[in-house]
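Chain by chain, the residues:
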Amino acid sequence: MLSQATIDSFQNDGIAFLPGLFKEHLDSLRMGVQKNIEEPGPYAAENLNEGEIGRFFDDYCNWQRINEFRNAAFDKNIAKAAALLMQSTTVQLFHDHVLVKAAGTLKPTPWHTDGPYYFVKGKKTLSFWVPLDPVKKATLRMVTGSHKWPKPVLPTKWLSNENFYPNADEYLPVPDPDKEQMDIREFDMKPGDAVAFNFDILHGARGAAADQQRRAFSLRLLGDDTRYTERPGPTSPPFPNHKMVEGQVLRTDWFPFIDF
């Protein structure tokens, strides 16, 4: 199903490009995103400060109420691709995430890594990022091999830029990959293509084009070495009252395994 070169790219660089992986769900996901915008969930956010132009909407953890997201999340071919990339015997659903930038929204998605925001630990993690509109300049940008850095990158709040947790010395400061001339990988992508990346890959995105909105659907998946871990503060997503303990496989009634 996947070439060995694609699997090796994910294993070595933390990044892989999979053209057309979500193409069968494209129209459905567009419908699901529209439903999400019209009926936001409890974690929905608007990510622009006063005076900034456009709209930058995001929301997550809606697969249980939006069938279009559920259908993509439980697609066996997509899960099989994730298992091959992670080299995992199992694939467990963590959550979905929608990011929408209106045309002309200048604000970039800040450079960040997802892993420190989450209450999971493990090397076998994977996010699929799927544009629902054509993307060139507004595509996802990722720093090759950053999942192997000696420390995780400091998680910050997108609007205030405040540290997410109190123990900043345990993290690397957020770098400027362009200024520091890091190896940034990005792809011109068609709707329904996917890029897969490890939770600890540093990534971000530019603002939307003046004449093109940018809708993206993300799917976060866990492999067979991933476990619950305590963080020094509320996580994002928070999943309140989960009642899990350090080292536990995530509870399967909230985070089901996906057949493939």
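Residues numbered from 1 in each chain as written. Predicted model: local features only at pLDDT ≥ 70, side-chain atom pairs only at ≥ 80, totals over all residues. Heavy atoms only, no water.

Trainee: What should I look at first to understand the overall build of the protein in this one?
Mentor: Helix and strand counts for the protein come out as four helices and 13 strands. Against the globule reference of 18 Å for 260 residues, the protein gives a C-alpha radius of gyration of 17 Å, in line with a compact fold. Considering only C-alpha atoms, the protein reaches an extent of 45 × 45 × 40 Å along its principal axes. Across the protein, the fraction of contacts at a sequence separation of at least 24, relative to all contacts at a separation of at least 6, is 81%. Split by element, the accessible area of the protein, about 11900 Å² in all, is 50% carbon and sulfur. (Helix = DSSP H or I, 4+ residues; strand = E, 2+ residues; numbered from the N terminus. Rg over C-alpha atoms; globule rule 2.2 N^0.38 Å. Contact = heavy atoms within 4.5 Å. Areas by Shrake-Rupley, 256 points an atom, 1.4 Å probe, with all protein chains shown as cover.)

Trainee: So what exactly am I meant to see when it comes to the nonpolar core here?
Mentor: Soluble globular proteins tend to pack their nonpolar side chains together in the buried interior. The biggest cluster of nonpolar side chains holds 36 residues, and the ones touching the most others in it are Phe22, Leu85, Leu126, Phe128, Leu219 and Leu221. With seven residues, helix α4 (residues 76-86) is the single largest residue contributor to this core. If we skip the residues at most four places from it in the chain, Leu219 touches Phe22, Ala72, Ala73, Ile78, Leu93, His95, Leu126, Ser127 and Phe128. (Core = buried A, V, L, I, M, F, W, Y, C linked by side-chain atoms within 4.5 Å. Buried < 20%, exposed > 50% of the residue type's maximum accessible area, 1.4 Å probe, protein only.)

Trainee: Quick question: what am I supposed to make of the sheet that holds strand β11 (residues 203-205) here?
Mentor: Within a beta sheet, neighbouring strands are joined by backbone hydrogen bonds and run either parallel or antiparallel to one another. On the basis of which strands lie adjacent, the open sheet formed by four strands has the order β5-β11-β8-β9 and antiparallel pairing. Sheet topology places β5 (109-112) and β9 (184-186) at the edges, where each strand pairs with a single neighbour. Going across the sheet, the axis of each strand differs from the next one's by a mean of 25°, ignoring polarity. Pairing analysis gives three bridges linking strand β8 (residues 140-143) to β9, with the strands arranged antiparallel. Its bridge partner lying in β9, Met142 is registered against Arg185. (Pairing = 2+ DSSP bridges. Axes fitted to C-alpha atoms, helices over the stretch in contact; angles between N-to-C directions.)

Trainee: Help me understand the pattern of salt bridges, please; the structure alone is not making it clear to me.
Mentor: Close approach of charged atoms allows side chains of opposite charge to pair. Tallied over the full model, the rule gives 13 salt bridges. A salt bridge links Arg215 to Asp133; the nearest nitrogen and oxygen atoms lie 2.7 Å apart. Taken together, the residues span a long stretch of sequence, with Arg215 in strand β12 (residues 214-222) and Asp133 in the loop between β7 (125-131) and β8 at a distance of 82 residues. Taken as a pair, Arg215 and Asp133 share a single burial class, namely buried. Three or more residues joined by partner-sharing salt bridges are found here, namely Arg141, Asp178, Glu186 and Arg206. (Salt bridge = Lys/Arg side-chain N within 4 Å of Asp/Glu carboxyl O.)

Trainee: I tried to follow unusual backbone geometry on my own but got confused; where do I start?
Mentor: Peptide bonds are, in most cases, trans, and in most cases residues other than glycine have a negative phi. The peptide bond linking Ser236 to Pro237 adopts the cis configuration, its omega dihedral lying at 0°. Checked against the element boundaries, Pro237 lands in the segment after β13 (227-228). The phi torsion at Gln181 lies on the positive side, around 55°, for a residue other than glycine. Residue placement: Gln181 occurs in the loop between β8 and β9. Taking relative accessible area as the criterion, Gln181 reaches 73% and is therefore assigned exposed.

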